[in-house]
Amino acid sequence: MKRIISLEKFVSDELSYRSFFEEEDEQARRERLIKRLNDVIAHELTDGQRRLVEMYYFGQKNIPQIAGELKVNRSTVSRGLKRARIRIGRCMGYDFKTYR
């Protein structure tokens, strides 16, 4: 069964969606973004990527320290962090564009 979406409904939904976020103050918007980021880290990354992100960004460890602790090559850590950042960017792309 083919579903037809009217342009009027799309426009009205988009406007109501925009007005919802425009009414937020800066602090509420920041809190929403942080919650979304935490959800993406918790549910969208692999266990290895999540561990690297936690160690690097939240644990304040650098790549050589992480590599030594995990007994892997530094390039492995670097690639894992890059893949995690790409995945986070894909999941949060819309949020990052609207948050200014």
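This text gives an overview of the structure that appears in the document. (Residues numbered from 1 in each chain as written. Predicted model: local features only at pLDDT ≥ 70, side-chain atom pairs only at ≥ 80, totals over all residues. Heavy atoms only, no water.)

Note on placement: L52 falls in helix α3 (residues 47–58). Counting along the chain gives 25 residues from L52 to V77, while the straight-line C-alpha distance between them is 7.2 Å. Apart from the residues within four sequence positions on either side, L52 is in contact with I66, L70, V77, G80 and L81. (Helix = DSSP H or I, 4+ residues; strand = E, 2+ residues; numbered from the N terminus. Contact = heavy atoms within 4.5 Å.)

This part is about the side chain of Q49. Here Q49 shows up in helix α3. Residue class for Q49 comes out buried when judged on its relative accessible area of 14%. Contacts of Q49, omitting those with residues within four sequence positions, involve G80, R83 and A84. (Buried < 20%, exposed > 50% of the residue type's maximum accessible area, 1.4 Å probe, protein only.)

Further remarks concern the packing of aromatic side chains. Evaluated as defined, the whole model comprises 1 aromatic pair. Aromatic pair Y56 and Y57: ring centres 4.8 Å apart, planes at 85 degrees, arrangement edge-to-face. For Y57, a relative accessible area of 37% corresponds to the partly exposed category. (Phe/Tyr/Trp six-rings, centres within 6.5 Å; stacked < 30°, edge-to-face > 60°.)

This part is about the pattern of salt bridges. Scanning the model with the defined rule gives 5 salt bridges in all. For E26, the salt bridge goes to R30, with nearest N and O atoms at 3.8 Å. Of this pair, E26 and R30 both sit in helix α2 (residues 26–44), separated by 4 residues, roughly a single helical turn. Residues K35 and D39 are paired through a salt bridge, measuring 3.2 Å at the closest nitrogen-oxygen approach. With K35 and D39 both in helix α2, this residue pair falls 4 residues apart, about one helical turn. For K35, a relative accessible area of 52% gives the class exposed. (Salt bridge = Lys/Arg side-chain N within 4 Å of Asp/Glu carboxyl O.)

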